[in-house]
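Structural description and commentary
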Amino acid sequence: MDYRELAHDLLKQAASKGASGAEVIIVEDEAFSVQVRMRAIDTLKNAKEKRLGLRLCVGQRSATTATSDFSAESLRKLLDDTVAMAQATAEDPYSGLPEPELFTSEMPDLELWDPEVAQFPIQERIARATTAESAALDFDPRITNSEGADYSHQDARVVFANSYGFTGEYRGSSVVLSVSPIAGDDGGMQRDGWYSYQRRLRNLESPEAIGRMAARRALRRLGARKVATQQVPVIFDPDMAASLLRSICSAVSGSAIYRSASFLTGRLGEQVATPDLTVVDDGRMVGHLGSRPFDGEGLPTRQTVVIQNGVLASYLLDTYTGRKLGMPSTGNASRSLGQPPTVGPTNCSIAPGRYSPDEIIRSVDQGLYLTEMIGFGVNLVNGDYSRGAVGLWIEKGELAHPVEEITIAGNLKDMLQQIEMIGNDLEWRGSIAAPTLKIARMTVAGN
C-alpha cells in the first residue's frame, strides 16, 4: 500500500468536508519480544500492525482520532466522525497546525534504522536472552533465581503529511536486552538487573557482559540495611541522574509552564542551578534513540540548550504551548496516535563534568550512593522531591555496605543549586542520559 498516496487522498477528502487544516500520521511497525526464565522460554511474541492518526481543524476547533482499519469505508467514517467532533468542540485561539512557513523539505539521514534488527534469526534472538540469563546464573552460587531475561525489538515506518503540503517519512529500529537475577544468602533475597538499549544490533552490549553486570549488581545488595535519618551528600549514579533529569524535562515542558504548574515558571534567564550544569535537548543526534527528522507536528527537530551554565535558557515547546507562551515551537511535539500533540524531550542530557565516579565517591566522608529509586514523589509545582531509595552507603570515601528501605528527600530548587560535582561518565543508554551527580546535601530518612 502506498501510504503517501493514502495520506494525500485523506487530506483532499478532509478539505472537501470543511476542514481548514489536517494532518495524517501512518505508522507501520513490527514488535518482537521473548522472555526466558530459568533457561527456558517463558513468553514469545511477534506482532505486526499498522495504525493511522488523523487531526482535523475546523477554524479554531480541532479533533484527533485513530484507526487500525484502512478500508475505504472505515476511513470515510473516520473522516466524518472527526469533522463532527471538531465542530462540537469549543473554540481555542491557540489550536491549529503550525504556521506553513515553518515546514521544510530537508530530511536528514539520522541513521535511525538497522535492517539487521528485523532480519536477525528468531533462534538467535532467543539465544541472546538465554545467554544473558545463563551468564548471570553461572556468575556466583549465590545467584539462586531469576526474574528472567528479555530480548525485544521494534521496527517502525512513520509517514506524516499535512494540508500545507508537507510530507515526511522515516524508518526507525530499536533493540533491548535485559536480565534480572535474584541473589540470596542467609540474610535474604535481593533482585537487581542490567540492560542494553540501542538502535543498532551491533551496538548492543554482549549478553555475557549484561548477565555478569546484572549478577554483580544483585550480589552487592545482599546484607542491605537501613541507616539512621540524617542529612548527607547523595551521589546519583548515571541511571538515577537520568531519572532526575526526566523530572527537569517535565518541569521545563511548555504544558507545565503555561499552567503555572512548574517551579521554573517565569524563570527564563535566571540562574536556577549551579554554574557547572548544562542541559541540552537534541533531536538531530545521529543514531540516537530520541532522534527523528521531524516532530509530532511535522516541524524539524533541532538542538535546544535548556540550561546553560546554570541559567534557564529555554523551555521545551510544541506549537500549542508555544502560542500560549508567545514563543516559537522548539520542535518537541510528541505524538500518540489518536491524541493531540504533547511536549516531550528528544535526546536530553546533562553535559559531562571533569570528575571520575571514583573521585566523586572519594569526596564523601559519609553519604549515599544512589542506585535505585521507588515511587514518584515529585511535586513539580513547588519542587518537593521525595523518593524511596536503594543504594550503597559511603564511609570515608569508600562504598561500605548496601542500604534499603530508606527515603531521600529535598527540593528540586535546592538540589539544582547544590549539584557539587558532575561526572565525566556520560553514556547514552536511552534517550535521556546523565553522568554521575553529587548533590551536596539531602535528607536520607531511615531508622
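In this report, the structure presented in the accompanying data block is examined. Since the model is a prediction, treat every value here as computed from it, not as a measurement.

As defined by bridge partners, strand S8 (residues 230-236) adjoins strand S20 (residues 437-445) across six bridges and the pair is classed as antiparallel. Note on S20: the bridge partner recorded for Val 232 is Met 442. Direction of pairing for strand S17 (residues 398-411) relative to S20: antiparallel, over a ladder of three bridges. Bridged to Thr 407 within S20 is Ala 445. Of the strand pairs in this sheet, strand S18 (residues 419-422) and S20 are connected by three bridges, and their pairing is antiparallel. Residue pairing across strands places Met 421 opposite Lys 438, the latter belonging to S20.

Each pair of packed helices can be described by the angle between their axes along with the distance between the axes. The geometry of helix H4 (residues 122-137) relative to helix H5 (residues 207-219) is characterised by a closest axis approach of 7 Å and an angle of 35° between their N-to-C directions. Handedness of the H4/H5 crossing: right-handed. Along its contact with H4, which presents Arg 128, Thr 131, Ala 132, Ala 135 and Ala 136, the element H5 presents Pro 207, Glu 208, Gly 211, Arg 212 and Ala 215.

Let us look at the packing of helix H1 (residues 3-16) against helix H2 (residues 72-88). Packing of H1 against H2 leaves a shortest axis separation of 11 Å and a crossing angle of 45°. In terms of orientation, H1 and H2 fall into the oblique class. Considering only the axes of H1 and H2, their crossing is right-handed. When H1 is examined against H2, the residues Leu 6, Leu 10, Gln 13 and Ala 14 are found in contact with a partner set consisting of Leu 75, Arg 76 and Leu 79. Its residues assigned to classes, the contact of H1 with H2 shows five nonpolar, one polar and one charged.

Turning our eyes to something else, we now look at the pattern of salt bridges. Inspection of every chain in the model, using the stated rule, returns 23 salt bridges. Across the pair Glu 270 and Arg 267 runs a salt bridge whose closest N-O atoms are separated by 2.8 Å. Glu 270 sits in the partly exposed class, given a relative accessible area of 33%.

Time to look at the pairing of strand S16 (residues 384-395). Most of S16 sits inside the fold, with nine of its 12 residues counted as buried. Here 10 bridges tie strand S15 (residues 366-378) to S16, and the two strands are oriented antiparallel to one another. Paired with Gly 377 across the two strands is Ser 386, which belongs to S16. In this antiparallel pair of consecutive strands, S15 and S16, the connection spans five residues, and Gly 383 shows a positive phi of 90°. Across 11 bridges, the pairing between S16 and S17 is antiparallel.

Definitions and limits used
- Residues numbered from 1 in each chain as written.
- Predicted model: local features only at pLDDT ≥ 70, side-chain atom pairs only at ≥ 80, totals over all residues.
- Heavy atoms only, no water.
- Pairing = 2+ DSSP bridges.
- Helix = DSSP H or I, 4+ residues; strand = E, 2+ residues; numbered from the N terminus.
- Axes fitted to C-alpha atoms, helices over the stretch in contact; angles between N-to-C directions.
- Left-handed = near helix turned anticlockwise from the far one by under 90°.
- Contact = heavy atoms within 4.5 Å.
- Parallel < 35°, antiparallel > 145°, perpendicular 65-115°, else oblique.
- Nonpolar A, V, L, I, M, F, W, Y, C, P; charged D, E, K, R; others polar.
- Salt bridge = Lys/Arg side-chain N within 4 Å of Asp/Glu carboxyl O.
- Buried < 20%, exposed > 50% of the residue type's maximum accessible area, 1.4 Å probe, protein only.

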